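Spelled out, the chains give:
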Amino acid sequence: MEVTRRNFKDCLNTVYSAIEEADFLAIDGEFSGISDGPNVSALTNGLDTPEERYTKLKKHSMDFLLFQFGLCTFKYDQTKSKYITKPFNFYIFPKPFSRTSPDIKFICQSSSIDFLASQGFDFNKVFCNGIPYLNQDEEAQLREQMEERRNQHANGVGTPSFISPSSKGPAHVPEEHKDFINKVIEKVETLFTNSEKTLDLEPCTGFQRKLIYQTLNWKFPKGLHVETVETEKKERFIQVSKVDEEERKRREQQKLEKEQEELSDAVGFSRVIHAISKSGKLVVGHNMLLDVMHTIHQFYCPLPEDLQDFKEVTMCVFPRLLDTKLMASTQPFKELITNTSLAELEKQLKESPFKSPQVETAEGFHSYDTAQEQLHEAGYDAYITGLCFISMANYLGSFLTPPKAYIPARSKLVEPFFNKLFLMRIIDIPYLNITGPDLQPKRDHVLYVTFPKEWKTSDIYQLFSAFGNIQVSWIDDTSAFVSLSQTDQVQIAMNTSRYAESYRIQTYAEYIQGKQQEKEKLGQTPKTWGEDSWAKSHYTASSTSAAFGYSRALRKRSISPVQGEQGARDSQITDGWSNYSYPDSTGSKKMRTDALNEQTNTEAVESKTSEGWLKTADSSDTAGLSPIPDEAPEGTNEAGDADGTVTWQQASSRMHGRKGPKSKKKQTEAAESTTSLFEVPEVW
């Protein structure tokens, strides 16, 4: 369904009901640009930390406009065994609704506009009929101004159209405007003597309108209603009407109500984001970090400076997120999917071992045909993003005993992917963890090098020519990261540069330490983490989550895809994921769950936070590639997925040692020898 300013009010209840009844939602956005400075390779340095990536995107991407928002709702119909979809394609533009409303400035990137134009994007619908919006602060400020005008009018200070500084005496009229004002007075006096009820004055300047209001308010305190009227061509003129006192009050009240309605209309598309947030439904996107950042920035509040504050705001607005690009790049999908771009992913998920989901478009909605690709229309991209999620979620059901063809969006099988947003092109940190600390690879083989602005990549290669193969990741014109092939060469490189004058070399650890010291000098104290690995929040329910209608405490859950604890029989793992650590180095934590029924709830499960391991309460088998859950008792409901606790085990163990549900005691005993819930993906 295409939604513009013309039909937005009529469609709003349809949007609300679609969100309310949905099992999950898929979103996508189209922007006026991506980066206002660095090229994409510099914006997405392969050795960025999550904090650096967030800071770059906030600085260089938020002045662009999200001007098309795709939303597709998915509801599973048990009787038809298929999903019913309702796709929406919103065109968005920040049209000011009054002179006091925000006049948004945004920028465009020529390559992005050219690309969208080549895809048939209709820019006229954006600029002519785009849906307006206000964030929460803008709405509150305008409502406050409106209330102030209303109070001034109630106290007799002036009319809502113009607040006169004083009505006790005649207004001071500059000499050059006296003839103009006198002619207006003559026309109004004539109005009182003839049968006409209204008088339209000629268009004039804002200052002249001010003089007219002040003069008429003093000279004709009763019997007149004066208001400014705006034509379709944005010309303003004053309309004077003969009224009795009762009619004058009625008209003033109508004007106030009209202003109130206009303000409500100006909130516009933000109402849709509020409805999505209040629903608490799973929101699915593809490579969705920019989508989330722009959505919060435009429709909720300006993005905070600190990454941890951004995570807290994100959890208030979108309590459950899932990124299909990260999901497709992770076991057990990684070995089966060769290209994770949205268009290619949708095609690959139609082939074995995956199955195309059974979907049907609801009556009254535009039906998309994936055979006729409509890529980069936000509604279509949201639609195929949802299809990709369904295919991958259902594939996880093939590992169950017995296999299941339908896996709901609230299944424990997909929970490990919740609230982790794909980080593009970062070599060793695949995702941003919204609900907990991010992965912190040691990067002992990386050096931070500063040098003169004239240096080129060839100069850096020459400097490190004695150290074999290296990888250079530029930061700016005078600095870069250099990755050595062997960690033991780092100290040698440091020693050889000790007396250099034109360049300087630091270890990666020294670079990070320097960044922390800079923050402390600026008064930005590092975030502290509680015993449960949750940052101590300064956001309160009253200031954030209350506005969106749910308790934030219920959403604090972190099931990170991190390496499981190795048993005595496990061989040493030597891939790029064995050196991760989390900020805490001591203590234990409890995993919080959103279980759908008590029978499948995971008990409080301990984890060694120093190694980031998450344990589940079932198997003592070694970690492998297949998700094998506990068998569920007969009759457990489908929504609970009978998927109690799921571990990643060797596929060969599926047919051995299955004894049905475990007792609570047995679960507790197993906690000391279990594997991770979700295996870490290898570096891709």
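Computed from a prediction, not measured in an experiment: that's the story for all the values here.

Rules behind the numbers
Residues numbered from 1 in each chain as written. Predicted model: local features only at pLDDT ≥ 70, side-chain atom pairs only at ≥ 80, totals over all residues. Heavy atoms only, no water. Helix = DSSP H or I, 4+ residues; strand = E, 2+ residues; numbered from the N terminus. Buried < 20%, exposed > 50% of the residue type's maximum accessible area, 1.4 Å probe, protein only. Contact = heavy atoms within 4.5 Å. Areas by Shrake-Rupley, 256 points an atom, 1.4 Å probe, with all protein chains shown as cover. Phe/Tyr/Trp six-rings, centres within 6.5 Å; stacked < 30°, edge-to-face > 60°. Lys NZ or Arg CZ within 6 Å of the ring centre and 35° of its normal. Patch = residues over 30% accessible without salt bridge, like charges linked within 9 Å, V, L, I, M, F, W, Y side chains within 5 Å. Salt bridge = Lys/Arg side-chain N within 4 Å of Asp/Glu carboxyl O. Lys, Arg positive; Asp, Glu negative; His and termini not counted. Charge placed at Lys NZ, Arg CZ, Asp CG, Glu CD. Axes fitted to C-alpha atoms, helices over the stretch in contact; angles between N-to-C directions. Parallel < 35°, antiparallel > 145°, perpendicular 65-115°, else oblique. Left-handed = near helix turned anticlockwise from the far one by under 90°. Nonpolar A, V, L, I, M, F, W, Y, C, P; charged D, E, K, R; others polar. Pairing = 2+ DSSP bridges. Core = buried A, V, L, I, M, F, W, Y, C linked by side-chain atoms within 4.5 Å.

A.B. asks: I'm lost on the overall build of the protein in this one. Help?
C.D. replies: Across its full length, the protein carries 19 helices and 22 strands. Counting across all 684 residues of the protein, residues that qualify as buried make up 51%. Contacts in the protein between residues far apart in sequence, at least 24 positions, make up 74% of those at least 6 positions apart. Taken as a whole, the protein presents about 32900 Å² of accessible surface, with 48% of it coming from carbon and sulfur.

A.B. asks: I would appreciate a short explanation of the packing of aromatic side chains in the present structure.
C.D. replies: Under the defined criterion, the tally for this structure stands at 38 aromatic pairs. With a centroid separation of 4.8 Å and 55 degrees between ring planes, the pair formed by phenylalanine 121 and phenylalanine 123 is classed as tilted. Relative accessible area serves as the criterion here: at 11%, phenylalanine 121 is assigned to the buried category. With a centroid separation of 5.6 Å and 25 degrees between ring planes, the pair formed by phenylalanine 192 and phenylalanine 220 is classed as stacked. Within this pair, whereas phenylalanine 192 is found in helix H7 (residues 178–193), its partner phenylalanine 220 is found in the loop between helix H8 (206–219) and strand S6 (224–230), the two being separated by 28 residues in sequence. Residue classification places phenylalanine 220 among the buried positions, given a relative accessible area of 15%. The ring centre of phenylalanine 422 lies 5.3 Å from the NZ or CZ of lysine 325, which sits over that ring.

A.B. asks: Explain a positive patch on the surface here, please?
C.D. replies: On the surface, Arg5, Arg6, Lys95 and Lys234 cluster together into a positively charged patch. Following the sequence through the fold, arginine 6 ends up in the loop between strand S1 (2–3) and helix H1 (8–21). Given the relative accessible area of 68%, arginine 6 is considered exposed.

A.B. asks: Help me understand the packing of H1 against helix H10 (residues 270–279) in this model?
C.D. replies: A packed helix pair is summarised by two numbers, namely the angle formed by the two axes and the spacing between the axes. Where H1 contacts H10, the two axes come as close as 10 Å, and the packing angle between them is 10 degrees. In this view, H1 runs roughly parallel relative to H10, as classed from their interaxial angle. Two packed elements cross with a definite hand, and for H1 against H10 that hand is right-handed. Packed against H1, whose contacting residues are Phe8, Leu12, Val15, Tyr16 and Ile19, the element H10 presents Arg271, Val272, Ala275, Ile276 and Ser279 at the interface. A breakdown of the residues in the contact of H1 with H10 according to their chemical character gives eight nonpolar, one polar and one charged.

A.B. asks: What is the right way to look at the side chain of threonine 85 in this model?
C.D. replies: For threonine 85, the location among the structural elements is in strand S4 (residues 82–91). Residues within four places of threonine 85 in sequence aside, it is in contact with Cys72, Thr73, Phe74, Val359, Glu360, Thr361, Ala362 and Tyr383.

A.B. asks: I would appreciate a short explanation of the pattern of salt bridges in the present structure.
C.D. replies: Close approach of charged atoms allows side chains with opposite charge to pair. A full pass over the atoms with the stated rule returns 16 salt bridges. Where aspartate 48 meets lysine 56, a salt bridge forms, and the shortest distance between an N and an O atom there is 3.0 Å. One exposure class covers both aspartate 48 and lysine 56, and it is buried. When the shortest N-O distance is used, the salt bridge between aspartate 428 and arginine 443 registers 2.7 Å.

A.B. asks: Explain the pairing of strand S7 (residues 236–242) here, please?
C.D. replies: Where a strand is regular, its side chains alternate between the two sheet faces. With five of seven residues buried, S7 is to be regarded as a mostly interior element. The pairing of strand S5 (residues 198–200) with S7 spans three bridges and is classified as antiparallel. Pairing of leucine 199 across the sheet is with valine 240, part of S7. Bridge count for S6 against S7 is seven bridges, and the pairing is antiparallel. When the bridges of S7 are listed, valine 226 appears paired with valine 240.

A.B. asks: What should I look at first to understand the sheet that holds strand S16 (residues 479–484) in this one?
C.D. replies: Strand pairing within a sheet occurs via backbone hydrogen bonds; the two strands may be parallel or antiparallel. Pairing in this open sheet of four strands is antiparallel, and the strands run S15-S16-S14-S17 from one edge to the other. Looking at the sheet topology across the chains shown, the edges are occupied by strand S15 (470–476) and strand S17 (504–507). Within the sheet, the average angular offset between the axes of one strand and its neighbour, ignoring direction, is 25 degrees. Of the pairings in the sheet, the one linking strand S14 (residues 446–450) to S17 comprises four bridges and is antiparallel in character. By the bridge assignment for S17, leucine 447 is matched with threonine 507. Of the strands in this sheet, S14, S16 and S17 touch helix H18 (residues 508–521), which is tilted by about 90 degrees from S17.

A.B. asks: Is there a simple way to think about the nonpolar core in this case?
C.D. replies: Among soluble globular proteins, nonpolar side chains are generally buried collectively. Grouped together as the largest cluster of nonpolar side chains are 67 residues, with contacts concentrated most on Leu71, Phe90, Phe269, Ile296 and Phe310. Leave out the neighbours within four places in its chain, and phenylalanine 310 touches Tyr54, Leu289, Val292, Met293, Ile296, Leu303, Pro304, Leu432 and Ile434. Judged by nonpolar contacts, the second largest core, of 41 residues, contains Phe24, Tyr83, Leu396 and Tyr406.

A.B. asks: What is the right way to read the sheet that holds S7 from this model?
C.D. replies: Read from one edge of the open sheet, three strands run S5-S7-S6, paired in antiparallel fashion. What marks the edges here is a single partner per strand, and that holds for S5 and S6. Put simply, the sheet's adjacent strands are angled 20 degrees from each other on average, direction ignored. The strands touched by helix H9 (residues 245–267) within the sheet are S6 and S7, with S6 carrying the most contacts at an inclination of about 25 degrees.

A.B. asks: Honestly, the pairing of S14 in this entry has me stumped. Any pointers?
C.D. replies: With respect to burial, S14 is a largely interior element, four of its five residues being buried. Strand direction decides the pairing type here: S14 and S16, joined by five bridges, are antiparallel. By the bridge assignment for S16, tyrosine 448 is matched with phenylalanine 481.

A.B. asks: Hey, could you run me through the packing of helix H3 (residues 50–61) against helix H11 (residues 289–299) in this one?
C.D. replies: Taken N-terminus to C-terminus, the directions of H3 and H11 make an angle of 55 degrees; their axes are 11 Å apart at the nearest point. The orientation of H3 with respect to H11, classified from their angle, is oblique. Every pair of crossing elements has a handedness; the one defined by H3 and H11 is right-handed. Touching Tyr54, Leu57, Lys58 and Ser61 of H3 are Leu289, Leu290, Met293 and His294, all from H11. Of the residues belonging to the contact of H3 with H11, the class tally is five nonpolar, two polar and one charged.

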